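# Structural overview for review
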Amino acid sequence: MNILDDVLDSEIKLKDIRLRMVDLFFLVFMLGLGIAIRLPLYDFESGDYYHFLSHWMEECHRAGGIGYLGITPFVSDASTINYGCMYQYVIVLLHYIAGKDIHLIKTVSVIFDVICAMTIFRIAYHVTEGNVQKSVMAFGGVMILPTVVLNSAAWAQCDSIYTAFVLLSLLHALKGNNNRVFIYLALGYSFKQQAIFIVPLLIIMWFKDKIKARYIFWIPVVLFVTMIPAIIAGRSFAELISIYGKQVSTYSSLTMNYPSIFMVVNPRLNLETRKLIIASATVAAIAILGFVAYYVRNRKFGVNGLFIITLAIFTIETALFTLPVMHERYGYLPEVIAVAYAVTSYKRLIALVMMQFVSIVTYSKFLFGTTVENMWLMALMNLVIIMLVGYDLYKQMKAREVADA
């Protein structure tokens, strides 16, 4: 038994992190378990796959693969994709790999599930000041988080891809690597525009002199570089940069199944009234986030890693709750960050559990046709989450002010 203990407690070094063999075994175990959870869901066909992703793959096959890049979406029926060109490159790459389309698409997302888990490990390691045990638990938490599993393996969605890059941006914001903050943010945005939900945090960190805004030039540079293959294939630059603008104008419902403040508004309002509310509410949401930025900027305290990830969750959740036309999947990013937040204290685990409950309810409504009465209760729970995290944020600011006095 002593020999076994010696083996399990023996250490290996990966970069600047010392892992015991028992830590490494647990990481491998959770990785395998996470994949095993996903595999039975691989043949499940979601509405998004049936109506969109499967058609994009078929269009790519008909175009012969690489030729798909040159077809302007919606100009002809040969291309109907409404994502950025980076995800289109993924589809073209999958064309040349043998296998069922649905399995290939889900595998890409699962690969990025693992990248998300690895990055959360590193974020947790930084925030907990080198606590390997908590960091390992954070990795395992992401691998088995219900909404992460469902998003990739059942839904066939790609939220893990943009989230992986946003998490890398957050990690390097924690480390003060300004170049990488904006490079990874741009890469995340090139996959999905929901990457911008991290921007309020970065603005506040700029106010607190934790990042340098001059490195923002990386964003247009990276975005242009990602468009080069599509431009060479014949797409226009103007058309490529207008994709997200067209996405925004596609939907007119006040909420797209996300439990927000708009759950209390009559969903049967006419289109013109909804458009007026959407325009006004968007400005109001920006104002609320501006209030948060102003308040935090004027409090005199030292910023640490725990405060940054707490602020990230708070600002993103606040944005989702107050902005109109939010999809239920948009809670993906703060939920993954909340895993690193939860391992810092059992009290903070409550927020993660509540977030997962809300998302499982809304995911089930879309994926499995579950009837959900009184969705306003889920909206109320989201408000409670914001208040809990906000109160924790306030206590951290007070404690840091006293410590720095």
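So, here's what we can say about the structure. Being a predicted model, the structure only gives us computed values, none of them experimental.

Per the stated rule, a full pass over the model turns up 0 disulfides. Not part of a disulfide, C60 finds its nearest cysteine sulfur in C85, a span of 14 Å. On the accessibility criterion, C60 (0% relative accessible area) is buried. In this model C85 remains outside any disulfide bridge; the closest cysteine sulfur is found in C158, 13 Å from its own.

Close contact between helix 5 (residues 101-127) and helix 7 (residues 146-154) brings their axes to 8 Å; oriented N to C, the two are set at 155°. Taken together, helix 5 and helix 7 sit at an angle that is classed as roughly antiparallel. Of the residues in helix 7, those touching helix 5 at K106, S109, V110 and D113 are V148, S152, A153 and A154. A breakdown of the residues in the contact of helix 5 with helix 7 according to their chemical character gives 4 nonpolar, 2 polar and 2 charged.

Now for helix 7. For helix 7, the tally of buried residues reaches 8 of 9 residues, placing the bulk of the element in the interior. Every buried residue of helix 7 is listed here: T147, V148, V149, L150, N151, S152, A153 and A154. Among the structural elements, helix 2 (21-38), helix 5, helix 6 (132-144), helix 8 (159-175), helix 16 (332-342) and helix 17 (349-367) are those in contact with the buried residues of helix 7. Looking one or two places after helix 7, you find A156, whose phi comes out positive at around 65°.

In this section: the packing of helix 5 against helix 16. Where helix 5 contacts helix 16, the axes come no closer than 8 Å and their chain directions differ by 45°. With respect to each other, helix 5 and helix 16 are oriented oblique. Note that helix 5 runs across helix 16; the crossing there is right-handed. Of the residues in helix 16, those touching helix 5 at D113, I120, I123 and A124 are Y332, V336, I337, V339 and A340. Looking at the contact of helix 5 with helix 16 residue by residue, the class counts come to 8 nonpolar, no polar and 1 charged.

What follows deals with the pairing of strand 2 (residues 17-20). Looking along a regular strand, one sees the side chains alternate between the two faces of the sheet. The alternating pattern of strand 2 places I17 and L19 on a buried face and R18 and R20 on a face that is not buried. For strand 1 (residues 11-14) and strand 2, the ladder comprises 4 bridges, and the chain directions are antiparallel. Its bridge partner lying in strand 2, I12 is registered against L19. Hairpin connection of strand 1 to strand 2: 2 residues between the antiparallel strands, including K15 at a positive phi of 60°.

Grouped burial of nonpolar side chains is what soluble globular proteins tend to show. Of all hydrophobic cores here, the largest spans 125 residues; its most connected members are Y87, I120, I123, I309 and I337. The element contributing the most residues to this core is helix 5, with 14 residues.

What follows covers the pattern of salt bridges. Throughout the structure, instances matching the rule amount to 9 salt bridges. Between R329 and D159 there is a salt bridge whose closest N-O contact spans 2.8 Å. Residue R329 is located in the loop between strand 4 (326-327) and helix 16, and its partner D159 is located in helix 8; the two are separated by 170 residues in the primary sequence. We classify D159 as buried; its relative accessible area is 0%. Where R235 meets E239, a salt bridge forms, and the shortest distance between an N and an O atom there is 2.6 Å. Note on R235: relative accessible area 3%, which makes it buried.

What follows is about unusual backbone geometry. Phi angles above zero are rare outside glycine, and A156 is one such case at about 65°. Along the polypeptide, A156 turns up in the loop between helix 7 and helix 8. The class for A156 is buried, based on a relative accessible area of 1%. For D209, which is not glycine, the phi dihedral falls at a positive 60°. Among the secondary structure elements, D209 is positioned in the loop between helix 10 (199-207) and helix 11 (218-232). Classification of D209 by relative accessible area gives exposed; the value is 51%.

The rules behind each value
Throughout this document, residue positions are counted from 1 along each chain, in the order its sequence is written. Under the rules for a predicted model, residues below a pLDDT of 70 receive no local features and side-chain atom pairs below 80 are neither given nor counted, while totals for whole chains, interfaces and linings still include all residues. The side-chain values count all of the structure's non-hydrogen atoms but skip hydrogen atoms and water molecules. The disulfide criterion used throughout: a pair of cysteine sulfur atoms within 2.5 Å. Throughout this description, buried means an accessible area under 20% of the type-specific maximum (1.4 Å probe, protein chains only), exposed means over 50%, and partly exposed covers the range between. Helix axes are fitted to C-alpha atoms over the stretch in contact, other axes to C-alpha atoms as well, and angles between N-to-C directions run from 0 to 180 degrees. Helix and strand assignments come from DSSP, with helices taken as H or I runs of at least 4 residues and strands as E runs of at least 2, each series counted from the N terminus. Any angle that falls under 35 degrees is termed roughly parallel, while one over 145 is termed roughly antiparallel, one within 65 to 115 roughly perpendicular, and all others oblique. Any two residues whose heavy atoms approach within 4.5 Å at even a single point are treated as in contact. Residues are grouped as follows: Ala, Val, Leu, Ile, Met, Phe, Trp, Tyr, Cys and Pro are nonpolar; Asp, Glu, Lys and Arg are charged; all remaining types, including Gly, are polar. Handedness of a crossing is defined here by the sense of rotation of the near helix relative to the far one, left-handed for an anticlockwise turn of less than a right angle and right-handed for a clockwise turn. Criterion used throughout: strands pair if DSSP finds at least two bridges between them. Side-chain atoms within 4.5 Å link the members of a nonpolar core, which is a set of buried Ala, Val, Leu, Ile, Met, Phe, Trp, Tyr and Cys residues. Think of a salt bridge as a Lys or Arg side-chain nitrogen and an Asp or Glu carboxyl oxygen that are within 4 Å of each other.

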